[in-house]
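# Geometric and topological summary
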Amino acid sequence: MDKPVHKLFLLDAMALIYRAHFAFIKTPRITSKGLNTSAVFGFANTLLEVLQKEKPTHIGVAFDTSAPTFRHIQFEAYKAQRQEQPEDITVAVPLVKRLLDAMCIPTLVMDGYEADDIIGTIAKEAGQAGFEVFMMTPDKDYGQLVEQHIHIYKPAFMGKGPEVLGVQQILDRWQIRRIDQVIDILGLMGDAVDNIPGIPGVGEKTAQKLIQEYDSIENLITHVDEIKGKLGEKIRENIDMAVMSKQLATIDTRVPVVFDAEDLTVCAGNADKIVALFDELEFKTLKQRVLGIGAPAPAAKVSIPGASGPAAQGQLDLFGNPTQEVGKQPAIVSEGIADDDAPEQAFEDLRLPTTRRTIDNTFHRYHTVDTPELMKSLAYYLSIQDAFCFDTETTSLDTIDAELVGLSFSYLPGEAFYVPVPANRDQALEILANFREVFENERIEKIGQNLKYDILVLRNYDIEVHGTLSDTMLAHYLLEPDKRHGMDILAGSYLNYEPVSITSLIGKKGVKQGTMRDVRIPEITQYAGEDADITLQLNTIFSRELPKVKASKLFREVEMPLLKVLAAMESTGVRLDIDALRDMSAVLENDLRQAESEIYEAAGQSFNISSPKQLGEVLFEKMKLIDKPKKTKTGQYATGEDILSDLENNHVIARRILDYRELQKLKSTYVDALPLLVSRRTGRIHTSYNQAVAATGRLSSTNPNLQNIPIRTPRGREIRKAFVPDNDDFQILSADYSQIELRIMAAFSGDTSMIEAFNQGRDIHATTASKVFQVALDEVTSDMRRKSKMVNFGIIYGISAFGLAQRLAIPRGEAAEIIRAYFEEFSSVKGYMDKVINDAREKEYVETILGRRRYLPDINSRNMTNRGYAERNAINAPIQGSAADMIKVAMINIHDFMKAEKLKSRMILQVHDELVFDAHRDEIPLLKSKVDELMRTAIPLPVKMETGIGIGANWLEAH
DNA sequence: GCGATTGA
DNA sequence: TCAATCGC
């Protein structure tokens, strides 16, 4: 007979409970009494599986306690920012303990030590004593404990079998030479879950490189001066952090427990207790299974070297020992089944599962649908759904020249279908014809991530997407406007899932990057299927989250309808007068050369004027225009507009440089760049609106950015002449809200003098000036008006006294005085601002008129800078955001109106408070009055709203 | 104040 | 990545 093997299994209870809880987060198991049993179920399942398959001879389950550990004492932030433990887990812990008790499995607890310390200590001792030790945990920190007879046992998970990690696997996992380097890696990269800081900016890859080169953190310190660049700087700054992080990541294997094999011997459970518990939890199949197994496997009947006493026998005793304890000190098992009156939560310190789910360890079925029969069948199944998720794979991120490579669909979590689409357009259309009906079906909801993109791509194949939309990117934008909304990030934070990266399919960004067309169908099926599957799952979560922040209505009635409006606007595009731009380009080129030679002459040398570095050197080192030149934060000379404006009277060169800058900007950013963006297919320019970047709720525009076409300077303004109507039957109609933000502020604050000024149609900036400077309205000078206007804007944009002083180029004291006078005159505004900030301190968010939230946790920060920033945002976000809400509603209503009336005119641009139309001459009177009305009445306010509407042969004339 | 773009 | 500049 083979030498008997003593198999000791040590389970990290909380890690396994968390993992089980989150594995069932989408489809939790709820009993008829409403108890969420996911965590207990998952834990029990794993436990039974191990007992059955691995037949351990010894077993122990370690828990953390609430007592502080050396890590807390050493590093106070340790685990401090951990999210509160989900209630379902708090409930699960005593149930798991009851289960262990019933099954006669010992629990290991010791005050002042975490589960990993206890497991580490016992593992080392048992390994010495000749056991094969398996530490059951998903936590990567345990890698440091692995040695010849000590392994990590990753439990089976979502269809993937269990995994045993030995020394070689750990070395491979981290790309290191020795096991003890695991803690060097962790010390450098940190661990967000455990709040181990590490070195900022150093992730897994960098940490591996550093350890490969320097072997250990200690040795790295002695060579720290050799490391160049930003990385070296970061390391030098934070080296203390790394040392401390390494200590924090080190598992203590000297816990004062005595490893007593007998204590951990597998014994038989109490069948009655198990049955009672499983009945209570309504675990029907588990009950069958556990009764089927009968008693767990008996321990090998051998004595264990180094262990005290012989291994226990009599494991068939149904009345096995109650929960056992280890240690020289009495270990505490304080948690009863109901310990509601415990002074603090017993399990505040528990860790989330640190293993990311990926396509390789997660159950899924992603199918390729590539025959006419399968497509017909898929289309049929889609047609009987109330909702499905879809995603397009294309050759380009630009919707105008994107060619469809394939479509993926998902309507059940874990399952998706990928339909490849050939490059040949006729064949592509033939395939798409199968799905036209479901896409255009009004009854079926369409789910996707950044649906505007997919809608525009399909539009190029003459397929319209109808029905309710649900965009996960925009849903998350409403949930967390300040965060990022990419699918990969969402999958990570909401599903603990890391999707297949695009770069693994087509390579890194750059010239060498391939296109989706080059990816083989099996791979792209996995990638695209995963996208649709994950998006569907995210949507389920978000549709539950949105009502919690009262954002469902905003989502369904504003953002989703607006998505369609924006898609239509982008698709329509704007006609550009390319010839006019070419002429301008030639003129600008000429003036640019002129300015250039004058600058060289004045400087006495030629250099690159566009290089702030070279310019600074010429101006301040060679020409010495100022004694004490200002520097930027990187140590360069500052040559910004404010600085050069101050120098204007000192030396002609300053004025010429400013001219040069303006010309250069106009030429490169607009005059030369715009024609290149005209689509070859439509002959028009199709900007792309981003609905989810500006945290206040505003839109942004890219490719090109049509929201920053010049208007301030006469030369810049000329560029607007190139934005022209479709043909001679059309004109450009521009409608903008007059002072929308100030009117909103007047309404929110209820300031009577401001409301009155607006309702009587007076000049608001002059009115402000007359009050702030205490003069009659007709005695307001242009300088007073200018300053008051700045204050008004300052409030809207949330700038500080410092910012105001800078913009007005006046001393800070004067700026503060103007602000003081302003608040004295407009005391309701001051009162409103105070109230907003106070509310924000309490709720840690502010909201717009439609309930769009912006979270401002820093409003209660002790850091002045951060708090000031949050306070300005608290004022600014509701005002700017409500203005954004208002124009969004107006756009939806105008779009609906134009559609209902079947107008030939089109809405083509939105610039924050302005809408631009390509208006058919016959429709202008109707359009004009209707646009005005719909803009003014989009959201009723107790202040009169006004618009300014102009019509012309181009955008400039329409102003 | 923010977001987008450009050029070094 | 940074500095500068355009719009709102």
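Cut-offs used in this document
Residues numbered from 1 in each chain as written. Chains lettered and ligands numbered in written order. Predicted model: local features only at pLDDT ≥ 70, side-chain atom pairs only at ≥ 80, totals over all residues. Heavy atoms only, no water. UniProt positions renumbered as here; feature names shortened; annotations may be inferred. Helix = DSSP H or I, 4+ residues; strand = E, 2+ residues; numbered from the N terminus. Contact = heavy atoms within 4.5 Å. Areas by Shrake-Rupley, 256 points an atom, 1.4 Å probe, with all protein chains shown as cover. Near = heavy atom within 4 Å. Polar contact = N/O pair within 3.5 Å; in protein donor to acceptor, adjacent residues only side chain to side chain. Nonpolar A, V, L, I, M, F, W, Y, C, P; charged D, E, K, R; others polar. Phe/Tyr/Trp six-rings, centres within 6.5 Å; stacked < 30°, edge-to-face > 60°. Lys NZ or Arg CZ within 6 Å of the ring centre and 35° of its normal. Buried < 20%, exposed > 50% of the residue type's maximum accessible area, 1.4 Å probe, protein only. Axes fitted to C-alpha atoms, helices over the stretch in contact; angles between N-to-C directions. Parallel < 35°, antiparallel > 145°, perpendicular 65-115°, else oblique. Pairing = 2+ DSSP bridges. pLDDT = per-residue confidence, 0-100. Salt bridge = Lys/Arg side-chain N within 4 Å of Asp/Glu carboxyl O. Bend = angle between axes of the 7 residues up to and from the residue. Core = buried A, V, L, I, M, F, W, Y, C linked by side-chain atoms within 4.5 Å. Patch = residues over 30% accessible without salt bridge, like charges linked within 9 Å, V, L, I, M, F, W, Y side chains within 5 Å.

In the annotation of an unreviewed UniProt entry, the entry for chain A reads DNA polymerase I, and the organism field reads Dyadobacter sandarakinus. Database annotation for chain A, UniProt heading Function (unreviewed entry): "In addition to polymerase activity, this DNA polymerase exhibits 3'-5' and 5'-3' exonuclease activity." The UniProt entry for chain A carries the following comment under Sequence similarities (unreviewed entry): "Belongs to the DNA polymerase type-A family."

We now examine the overall build of chain A. In terms of helices and strands, chain A carries 35 helices and 23 strands. Considering only contacts in chain A between residues 6 or more positions apart, those separated by 24 or more positions represent 70%. Taken as a whole, chain A presents about 43,800 Å² of accessible surface, with 51% of it coming from carbon and sulfur.

For DNA strand C, the set of nearby residues contains 21 residues, the closest of which are Thr-634, Thr-639, Arg-661, Ile-711 and Arg-712. Counting only the atoms of DNA strand C within 4 Å of the protein, the fraction contributed by sugar and phosphate is 76%. Contact distances for DNA strand C include 3.1 Å between a base oxygen and a side-chain N or O atom of Arg-698. Here a base oxygen of DNA strand C sits 2.8 Å away from a polar atom, N or O, in the side chain of Asn-708. Top element by residues in the surface near DNA strand C is helix α24 (residues 652–671). It accounts for 3 residues. Class assignment for the residues of the surface near DNA strand C results in 7 nonpolar, 7 polar and 7 charged.

A separate point is the packing of aromatic side chains. Counted by the stated rule, this structure contains 23 aromatic pairs. Ring pairs connect the aromatic residues Phe-388, Phe-390, Phe-409, Phe-435 and Phe-439, which therefore count as one cluster. Cation over ring: Arg-29 sits above Phe-41, and NZ or CZ is 3.8 Å from the ring centre. In this structure, Arg-173 packs its charged tip against the face of Trp-174, placed 4.0 Å from the ring centre.

Right, let's get into the protein's contact with DNA strand B. Neighbouring DNA strand B are 21 residues; Ser-700, Asn-703, Asn-705, Tyr-797 and Tyr-869 lie closest to it. Restricting attention to atoms of DNA strand B within 4 Å of the protein, one finds that 71% of them are sugar or phosphate atoms. Here a sugar or linking oxygen of DNA strand B and a side-chain polar atom of Asn-705 are 2.9 Å apart. Listing elements by their share of the surface near DNA strand B, those giving two or more residues are α24 and β16 (700–702).

Along the chain, Val-96 falls in helix α4 (residues 87–103). On the accessibility criterion, Val-96 (0% relative accessible area) is buried. With 55 residues separating them in the primary sequence, Val-96 and Phe-41 have C-alpha atoms 9.1 Å apart. Filtering out sequence-adjacent residues up to four positions away, Val-96 remains in contact with Ile-17, Val-40, Phe-43 and Phe-63.

Where helix α33 (residues 827–843) meets helix α34 (residues 864–900), the closest approach of the two axes is 9 Å, and the angle between their N-to-C directions is 110 degrees. Considering their axes alone, α33 and α34 lie roughly perpendicular with respect to each other. The residues of α34 that touch α33, namely those facing Tyr-832, Met-833, Val-836, Ile-837, Ala-840 and Arg-841, are Glu-871, Ala-874, Ile-875, Pro-878 and Ile-879.

Position of Val-182 relative to the elements: it lies in helix α7 (residues 181–189). The exposure class of Val-182 is buried, given its relative accessible area of 0%. Other than its neighbours up to four places away in sequence, Val-182 contacts Gly-143, Gln-144, Ile-170, Trp-174 and Ile-176.

It is worth spelling out the sheet that holds strand β11 (residues 445–448) at this point. Read across the sheet, 6 strands follow the order β7-β10-β9-β8-β11-β12 without closing on themselves; strand pairing throughout is mixed. Taken across any chain shown, the strands that pair with only one partner, and hence form the sheet edges, are β7 (365–368) and β12 (469–471). Strand after strand, the sheet turns through a mean of 25 degrees between neighbouring axes, direction not considered. Alignment of β11 against β12, held across 3 bridges, turns out to be parallel. When the sheet's bridge partners are listed, Lys-446 is paired in β12 with Leu-469. This element, helix α16 (residues 472–479), spans β11 and β12 of the sheet and lies at about 60 degrees to β12.

For chain A, mean pLDDT is 84; residues scoring 70 or higher make up 90% of the total. Considering each helix and strand of chain A separately, the mean pLDDT is smallest for helix α3 (residues 70–74), with a value of 58, and largest for β11, with 98. Segment residues 293–354 is flagged for pLDDT under 50; beyond a separation of four residues in sequence, or across chains, it makes 136 contacts in the model.

Below, the discussion takes up the sheet that holds strand β6 (residues 163–165). Picture the strands of a sheet paired through backbone hydrogen bonds; they go either parallel or antiparallel. The sheet built from 6 strands is open, its strands ordered β3-β2-β1-β4-β5-β6 with mixed pairing. In this open sheet, the two edge strands, each paired with only one partner strand, are β3 (107–108) and β6. In the sheet, strand β5 (residues 150–154) pairs with β6 via 3 bridges, with the strands oriented antiparallel. In the strand pairing of β6, Tyr-153 is matched with Val-164.

A few words now on the environment of Phe-802. Mapped onto the fold, Phe-802 is located in helix α31 (residues 801–808). On the basis of relative accessible area, Phe-802 is assigned to the partly exposed category, the value being 44%. Residues Phe-802 and Ala-815, 13 residues apart in the sequence, show an inter-C-alpha distance of 7.7 Å.

Below, the discussion takes up the pairing of strand β10 (residues 415–420). Of all 6 residues that make up β10, 6 are buried, and the element is covered over most of its length. Here β10 shows two buried faces, one formed by Glu-415, Phe-417 and Val-419 and the other by Ala-416, Tyr-418 and Pro-420. Summarising the sheet, β7 and β10 pair through 4 bridges and their orientation is parallel. Opposite His-367, over in β10, you have Phe-417 as the bridge partner. Sheet topology note: the strand β9 (residues 404–412)/β10 ladder contains 5 bridges and is antiparallel. The residue bridging Phe-409 from the neighbouring strand is Phe-417, located in β10. With antiparallel pairing between neighbouring strands as the criterion, β9 and β10 make up a hairpin whose turn holds 2 residues, including Gly-414 at a positive phi of roughly 95 degrees.

When charged atoms on two side chains of opposite charge get close, those side chains can pair. Overall, the coordinates contain 50 salt bridges when judged by the stated rule. Put simply, Asp-252 and Arg-254 hold a salt bridge, and the shortest N to O gap is 4.0 Å. When its relative accessible area of 71% is taken as the criterion, Arg-254 is described as exposed.

Structurally, His-686 can be placed in the loop between β14 (684–685) and β15 (688–690). Here the side chain of His-686 touches Glu-570 through a polar contact of 2.7 Å, landing on its backbone oxygen. Among the polar contacts made by the side chain of His-686, one reaches the main-chain carbonyl oxygen of Ser-571 at a distance of 3.3 Å.

The description of two helices packed together rests on the angle between their axes and the distance between the axes. Following both chains from N to C, one finds helix α27 (residues 740–749) and α33 inclined at 80 degrees, their axes separated by 9 Å at the closest point. Overall, the two elements α27 and α33 adopt an arrangement that is roughly perpendicular. Contacts from Met-745, Phe-748 and Ser-749 of α27 reach α33 at Ser-828, Val-829 and Tyr-832. For the contact of α27 with α33, a count of residues per class yields 4 nonpolar, 2 polar and no charged.

Once that is clear, we can look at the pairing of strand β8 (residues 387–394). Judged by how many residues are buried, β8 sits mostly within the fold: 7 of 8 residues are covered. In terms of strand pairing, β8 meets β11 through 3 bridges, oriented parallel. Note on β11: the bridge partner recorded for Cys-389 is Ile-447.

Let us now look at helix α10 (residues 229–249). Of all the bends in α10, the greatest, near 65 degrees, is centred on Asn-238. Listing the buried residues of α10 in full gives Gly-232, Ile-235, Asn-238, Ile-239, Ala-242, Ser-245, Lys-246, Leu-248 and Ala-249.

Once that is clear, we can look at the nonpolar core. Phe-409, Phe-435, Phe-439 and Tyr-822 are the most contacted members of the largest nonpolar core, which totals 179 residues. No other element matches the 15 residues that α34 contributes to this core. Setting aside residues up to four positions removed in sequence, Phe-439 forms contacts with Phe-388, Phe-390, Leu-407, Phe-409, Lys-446, Leu-458, Ile-463, Glu-464, Val-465 and His-466. Leu-108, Ile-118, Ile-185 and Ile-251 belong to the second-largest nonpolar core, a separate cluster that totals 53 residues.

Right, let's talk about a nonpolar patch on the surface for a bit. Residues Tyr-380, Tyr-381 and Ile-384 make up a contiguous nonpolar surface patch of roughly 320 Å² in combined accessible area. By the secondary structure assignment, Tyr-381 is in helix α13 (residues 372–383).

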